Amino acid sequence: MKMTMNIDEDVLARVMKVTGAKTKTQAVEMALSEMARKHKMKELFSQGLGLTPDELRAEFAPSPADLLDNHGLMVAEEKQGDYGKSRSARQ
């Protein structure tokens, strides 16, 4: 759907940087999807859940796409506390 909106340029630029969105439309879509996801989580938690641990894992498990960075590569993070240390200092 095409529409005209007034969006704070600084906020939009930040969303594009944080998400890696290549277009303004993509940034807005990603932000809206994330907001909907957070609201869904809030609703589930406010209902007392009533879900089993397996159901919770299935509901909030990241999709395969969530594990990929913007270039289709798997995202890996270093162990906490290793940042800023040389590779030899980590071993």
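Everything that follows concerns the structure shown earlier in this document.
Structural notes, computed from the coordinates. Everything numeric in this text was worked out from a predicted model, so none of it was measured.

**Examining the overall build of the protein chain**
Here's step 1: Scanning the protein chain for helices and strands turns up four helices and zero strands.
Here's step 2: Its helices and strands in sequence order give the protein chain the pattern α-α-α-α, from N to C terminus.

**A few points about a nonpolar patch on the surface**
Here's step 1: A cluster of nonpolar side chains, Met1, Met3, Met5 and Ile7, forms an exposed patch at the surface whose accessible area comes to about 500 Å².
Here's step 2: Mapping methionine 1 onto the fold places it in the segment before α1 (9–19).
Here's step 3: Overall, methionine 1 belongs to the exposed group, its relative accessible area being 91%.

**Side note on the packing of α1 against helix α2 (residues 24–46)**
Here's step 1: Following both chains from N to C, one finds α1 and α2 inclined at 80°, their axes separated by 9 Å at the closest point. As judged from the angle between their axes, α1 and α2 are roughly perpendicular. Across from Leu12, Val15, Met16 and Thr19 in α1, the residues of α2 making contact are Lys24, Ala27, Val28, Met30 and Ala31.
Here's step 2: Of the residues belonging to the contact of α1 with α2, the class tally is seven nonpolar, one polar and one charged.

**Here we look at the pattern of salt bridges**
Here's step 1: Summed over the entire model, instances satisfying the criterion amount to one salt bridge.
Here's step 2: Note that glutamate 34 and arginine 37 form a salt bridge whose closest N and O atoms lie 2.6 Å from each other. With glutamate 34 and arginine 37 both in helix α2 and three residues apart, the pair spans about one turn of that helix.
Here's step 3: Its relative accessible area of 39% is what places arginine 37 among the partly exposed residues.

Calculation rules
Residues numbered from 1 in each chain as written. Predicted model: local features only at pLDDT ≥ 70, side-chain atom pairs only at ≥ 80, totals over all residues. Heavy atoms only, no water. Helix = DSSP H or I, 4+ residues; strand = E, 2+ residues; numbered from the N terminus. Patch = residues over 30% accessible without salt bridge, like charges linked within 9 Å, V, L, I, M, F, W, Y side chains within 5 Å. Areas by Shrake-Rupley, 256 points an atom, 1.4 Å probe, with all protein chains shown as cover. Salt bridge = Lys/Arg side-chain N within 4 Å of Asp/Glu carboxyl O. Buried < 20%, exposed > 50% of the residue type's maximum accessible area, 1.4 Å probe, protein only. Axes fitted to C-alpha atoms, helices over the stretch in contact; angles between N-to-C directions. Parallel < 35°, antiparallel > 145°, perpendicular 65-115°, else oblique. Contact = heavy atoms within 4.5 Å. Nonpolar A, V, L, I, M, F, W, Y, C, P; charged D, E, K, R; others polar.

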